[in-house]
Amino acid sequence: MAIPFSYTAKNLMARKLTTALTAGGMALVVFVFATVLMLQEGLRKTLVQTGSWDNVVVTRRSAGTEVQSGVDRAQAGVVESQPEVAYGADGLPLVSKETVVLVTLPKRESDKPSNVVIRGIGPKGNALRPQVRIIEGRMFRWGSSEIVAGRSIAERFQGAGAGEQLRFAMRDWTVVGVFDAGRSGFDSEIWGDSDQLMQAFRRPVFSSVVLRLEDAGRFEALKARLESDPRLTVEAKRETVFYAEQSQVLANFIGYLGLTLSVIFSIGATIGAMITMYASVANRTAEIGTLRALGFRSRSILAVFLLEALLLGLVGGAVGLGLASFMQFLTISTMNWQSFAELAFTFTLDAGIVAKALAFALMMGLLGGFLPALRAARLNIVDALRAV
Amino acid sequence: MYFAKLVLRNTLRHKLRTGLTVLGLFVAILAFGLLRTVVEAWFAGAESASTTRLITRNSISLVFSLPIAYQDRIRQIGGVTRVSHANWFGGIYVSEKNFFPQFAVDAKSYLDLYPEYLIPPEQLKAFLLDRKGCTVGRKLADIHGFKIGDVVQLRGTIFPGTWEFVVRAVYDGAEAATDTSQFLFHWDYLNETLKQTVPRRANTVGVYVVGIEQSNQAAEIGREIDRTFRNSLAETLTETEKAFQLGFVAMTEAIVIAIEVVSFLVIFIIMAVMANTMAMTARERLAEYATMKALGFGPIRVVSLILGESLVIALAGATAGVLATFPVAEWFAAKMGTLFPVFNVSQQTVTMQIVAAVTVGAVAALLPSYRAATVRIVDGLRNIG
Amino acid sequence: MTGKIVEIRHIAKSYRRGGQIVPVLSDLSFDIPEGEFVALMGPSGSGKSTLLNLIAGIDKPDSGELRVAGLDITTLSEADLADWRATHIGFIFQFYNLMPVLTAFENIELPMLLTRLSRRQRRERVGLALDMVGLTDRMDHYPSELSGGQQQRVAIARAIISDPLLIVADEPTGDLDRVSAADILNLLDRLNREMGKTIVMVTHDQRAAEHARLVRHLDKGELTDGEPSSKTL
């Protein structure tokens, strides 16, 4: 016969301070764990959303990032003429020859510098990124010194807001609009006319060529041809893959560090749970003896204490998750080590993370409560009853 | 002495509970120490920067280079003792995982500007004579097993192609905080190759390293340099080496702040655990505290017993934690390789660990102390175990 | 020849129990002559323990006067009361209330830490007290290693070591078997007769009360044994 659940719940309420402190410790650990997962997910989503599956980014072989890459006009022309390239309604190929550089700009509040990506796009640059829309002002005029800024850059950097001006490469550039790129990496970029930017920076070569595939399945064929062509020294990747790879180091670092920390912290919280559960067993020794004498089996006793520990974990987990969910209001912006450029991303909470965090919390409760519950179950009835 | 005895014996009353609490503190203080060391390692470059070195870069960003022709003009500016230059190479050794910094430098002047890189004279001579020679730091040599005479291949990313170098010298750092994970080779080798392959990229440098006579002239000289090149093809931005390094830190500021926050979080977690332990312990002994008060002991004495016990436990765990921080930090540094070129547990970290432990012990004792001090004797006596 | 060591005038005491105010003593007046061995008896809830606590200075009456050796202790501050207890009162509890982590010797020594005596002087006194209760050979034992009777003897030694004016005992034999109880009561007897200690004992055990020289009965906060309060025996 099982002992009713209310017995467990009431016992937790009887010692409010102890329950609060133990669950509190676990809540903090779950908070760290969930936050790290949310950060990883936020980073992944930002970069995955940067790009489309049917776009291809062509850069110089071994370049790693667009900034390090150089594709000259001749090679760019060869890429543009490939059969897999899609064509727009106007009969022109959906190809954008782009130049990507970094400019060091001061942040708004702290004045501290950070490297911001400036992307010079070709006329089809916008069409290739349908997720990008102008939310303030307007698109820049081709052939002018006008630029548009991604939402994250406009918010954080001096002179990057709509109507403001930036100065670099000995020219003044007017920000005529702000665009929203659906929480992707493009939100952390400034776009302008590729020709204008190349002139200003005195760069005769492009950084990359971005194209839309007519048929997304033809990627492999295109890649094979480009990479084996003796005229070319390029490599091709799907746009989503290209950007995802760029965050590898950062994502790994966050994951590795975060997981290590969570495990270490969980040791502390589990110890707290263990201490509480041992005391709980010790304080109710007479009770346990009575229950056993009344006829309850020792596995019921085990179950009761395990349940109590799990409940503690659950409460801690729920509170920790609750706290972590507030992190969704924050945006992190930091330099991505691989691209050397500023990247903004948020904490993203999804069902998977909720499940993992709760599982983590329950695991802490289980580990903390196991040995004490075992001790309770093994108590000798006569000894237990004799305890005052 | 009597009461010290009493406090110590009290901590040993519940061996399991005390043991677990000490273990928890050990883990927490260790984690705290490691995290603070990580934060300090982040700033290591800035810490070991020289006050008599300036860095001049293209004002747009580090991605753009400067013409080699600037060198002579910079050298002529008053207060400048020596000028050298460096290009970030960014090559790959075997795989991306083996990241370490590589610079193409004007060897003689560069090593003069960095006296903290110690090279035995015969190795230095060999390096200067071999145009494809390279100098590697001791830490880097240890990690990848580079020895004098080894041929090292790097796959270029910024400068495409496969590049071969011969290890001619290994440098040691003058101080513990000196970065010995760098790979230095001759700018001439890079430049001559570029003249053949991509001429338009030849004769450029990434940054100029400018040595000055007096550190208090840094701001002035910096402005003078930038003024010299204003309105030319490549405008410059000159700052002290420290400011330059701090600029990098600032870019990943969010991560550093996050790590700092987390390091304090771990202290809060263990504070909750310890407060719980002390609360339970004090509650069980209420009758004893009441007895002592009945006998005539004041509340201060009772509080000192609780506080004493809390501090003994906290310091026991902390001592173990502090001692363990050193070997664990070493292990961690080895795992991280060249990601953190300098990874030392500092005096300040140890001090902070101890302060954290004492704080945890004191705070954990607060509520139980208050309860024990204010409990009415008759109520406390009625409380049996 | 014997004065009144305790003089209680019109004291009242109530407790708050779950929102209700329960009066325990109201307008009680009572004397205890010096050198007396008094037993306070009564049913549970009669207020006998409350009265004992008030006399011992570990609780304060709501109103009235309580003089011990001429001093009205209701006027003392908490700190002064603590100092006063240390020099005037010796406690004996039903459950001994010894410190589990201290040996018998150290438990007895505890009150001495409130004095300025040197270590050697303290140890001398403890030796004497141990001898008085016959536990010299057990002085290095911890309470868990002693029987109930032995633990209570340690408690008695602790109670007398500061040479108090008054010894208060709350159910001193409540947790002991008949033989040990008799032991303890004989010891208290000796303390009273040979050392002239005034003892106030609360008990519900008739046999224990027989060892006392004066027995007072309390019921619902009032003395019911009809003895005039200021009468001396």
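Only a predicted model underlies this, so the values are computations on that prediction, with no experimental measurement involved. (Residues numbered from 1 in each chain as written. Chains lettered and ligands numbered in written order. Predicted model: local features only at pLDDT ≥ 70, side-chain atom pairs only at ≥ 80, totals over all residues. Heavy atoms only, no water.)

### Focus: the overall build of chain B
Of regular secondary structure, chain B possesses 15 helices and 12 strands. For 385 residues, the compact-globule formula gives about 21 Å, and the C-alpha radius of gyration of chain B, at 30 Å, lies well above that figure. For chain B, the residues scored as buried account for 56% of the 385 residues in total. For chain B, restricting intrachain contacts to residue pairs at least 6 apart in sequence, the fraction spanning at least 24 positions comes to 81%. For chain B, the computed accessible surface area is about 16,200 Å², with 59% contributed by carbon and sulfur atoms. One way to put it: in chain B the 36 positive side-chain charges average out to a point 10 Å from where the 31 negative ones average out. (Helix = DSSP H or I, 4+ residues; strand = E, 2+ residues; numbered from the N terminus. Rg over C-alpha atoms; globule rule 2.2 N^0.38 Å. Buried < 20%, exposed > 50% of the residue type's maximum accessible area, 1.4 Å probe, protein only. Contact = heavy atoms within 4.5 Å. Areas by Shrake-Rupley, 256 points an atom, 1.4 Å probe, with all protein chains shown as cover. Lys, Arg positive; Asp, Glu negative; His and termini not counted. Charge placed at Lys NZ, Arg CZ, Asp CG, Glu CD.)

### With respect to empty space enclosed by the protein
Residues and elements named next belong to chain A. All chains considered together, the criterion is met by 9 cavities of 30 Å³ or more. Put simply, the largest cavity is a space of about 210 Å³. Forming the boundary of the largest cavity are 20 residues, of which V117, E189, Y243, Q246 and S339 lie nearest the centre. Of all elements in the fold, only β2 (95–106), β3 (113–121), α8 (239–246) and β12 (341–346) reach the threshold of two or more residues within the lining of the largest cavity. (1 Å grid on protein atoms, 1.4 Å probe; cavity = no way out; pocket = protein on both sides within 12 Å on 5 of 7 lines; lining within 4 Å. Points joined across faces, edges and corners; volume = space filled by probe spheres on them.)

### Details of the confidence of the model for chain B
Model confidence for chain B is summarised by a mean pLDDT of 91, while 99% of its residues fall at 70 or above. Within chain B, no element has a lower average pLDDT than helix α3 (residues 44–47) of chain B, which sits at 83, and none a higher one than strand β9 (residues 183–186) of chain B, at 96. (pLDDT = per-residue confidence, 0-100.)

### Quick word on the confidence of the model for chain C
Confidence along chain C averages 89 in pLDDT terms, with 96% of residues attaining 70 or more. In the predicted assembly, ipTM is 0.87 and pTM is 0.84.

### Concerning the interface of chain B and chain C
The partner chain C presents 25 residues to the 21 residues of chain B that form the contact. Note on chain B versus chain C: buried area summed over both sides is about 2,100 Å², and carbon and sulfur give 67% of it. Looking only at chain B, the three residues that lose the most surface to chain C are B:Y2, B:R9 and B:L295, adding up to 31% of its buried area. Applying the counting criterion to the chain B and chain C interface returns 3 salt bridges. Notably, a salt bridge pairs C:E106 with B:K5, separated by 2.9 Å at the nearest N-O pair. Counting residues per element, the ones that place at least two in the side of chain B that touches chain C are α1 (2–11), α12 (286–295) and α15 (377–382) of chain B. With 7 residues, the single largest contributor to the side of chain B that touches chain C is α12(B). Grouping the amino acids of the side of chain B that touches chain C by side-chain chemistry returns 12 nonpolar, 3 polar and 6 charged. (Buried area = accessible area lost by both parts, 1.4 Å probe. Salt bridge = Lys/Arg side-chain N within 4 Å of Asp/Glu carboxyl O. Nonpolar A, V, L, I, M, F, W, Y, C, P; charged D, E, K, R; others polar.)

### What to know about unusual backbone geometry
The phi dihedral of A:M170 is positive, around 60°, even though this residue is not glycine. Exposure remark for A:M170: the relative accessible area of 29% places this residue in the partly exposed category. Not every positive phi belongs to a glycine, and B:V94 is a case in point at roughly 65°. For B:V94, the position within the fold is in the loop between β3 (80–88) and β4 (102–105).

### Here's the deal with the packing of aromatic side chains
Scanning the entire structure with this criterion turns up 40 aromatic pairs over all chains. Look at A:F242 and A:Y243: their rings are 5.3 Å apart centre to centre, the planes differ by 80°, and that puts the pair in the edge-to-face class. With respect to burial, A:F242 and A:Y243 carry one shared label: buried. Aromatic pair B:F89 and B:F165: ring centres 6.4 Å apart, planes at 90°, arrangement edge-to-face. With a gap of 76 residues between them, B:F89 in the loop between β3 and β4 and B:F165 in strand β8 (residues 161–173) connect regions that are remote in the sequence. (Phe/Tyr/Trp six-rings, centres within 6.5 Å; stacked < 30°, edge-to-face > 60°.)

### Things to note about the sheet that holds strand β10 (residues 222–223) of chain C
Paired through their backbone hydrogen bonds, the strands of a sheet run either parallel or antiparallel. Residue and element names in this part refer to chain C. Read across the open sheet, the 6 strands follow the order β6-β7-β8-β3-β9-β10; overall the sheet is mixed. With one partner strand each, in any of the chains shown, β6 (89–92) and β10 form the two edges of the open sheet. Pairing of β6 with strand β7 (residues 166–170), which is carried by 4 bridges, proceeds in the parallel orientation. Bridge pairing in β7 links I89 to L166. (Pairing = 2+ DSSP bridges.)

### So, the pairing of strand β3 (residues 37–41) of chain C
Residues and elements named next belong to chain C. Across the 5 residues of β3, 5 count as buried, placing the element largely inside the fold. Residues F37, A39 and M41 line one face of β3 and the alternating positions V38 and L40 line the opposite face, and both faces are buried. Pairing of β3 with strand β8 (residues 198–202), which is carried by 4 bridges, proceeds in the parallel orientation. Bridge pairing in β8 places A39 opposite M201. In the sheet, β3 pairs with strand β9 (residues 214–219) via 4 bridges, with the strands oriented parallel. Residue pairing across strands places V38 opposite L214, the latter belonging to β9.

### Description of the environment of A:E155
Residues and elements named next belong to chain A. In this structure, E155 sits in helix α5 (residues 151–156). Judged by its relative accessible area of 51%, E155 is exposed. For the pair E155 and L330, spaced 175 residues apart in the sequence, the C-alpha separation amounts to 13 Å.

### Comments concerning the side chain of A:N115
By the element assignment, A:N115 lies in strand β3. A:N115 has contacts with A:L102, A:V103, A:T104, A:M335, A:F340, A:A341, A:E342, B:S61 and B:M251, leaving out every residue within four places of it along the chain.

### Let's talk about the interface of chain A and chain B
Residue-level contacts link 55 residues of chain A with 52 residues of chain B. Taken over both partners, the interface formed by chain A and chain B buries close to 4,700 Å², and the fraction arising from carbon and sulfur atoms is 73%. Counting across the interface, chain A meets chain B through 1 salt bridge. The residue B:E253 makes a salt bridge to A:K112 at a minimum N-O spacing of 2.4 Å. At the junction of chain A with chain B, the criterion picks out 13 residue pairs in polar contact (both at pLDDT 80 or more). (Polar contact = N/O pair within 3.5 Å; in protein donor to acceptor, adjacent residues only side chain to side chain.)

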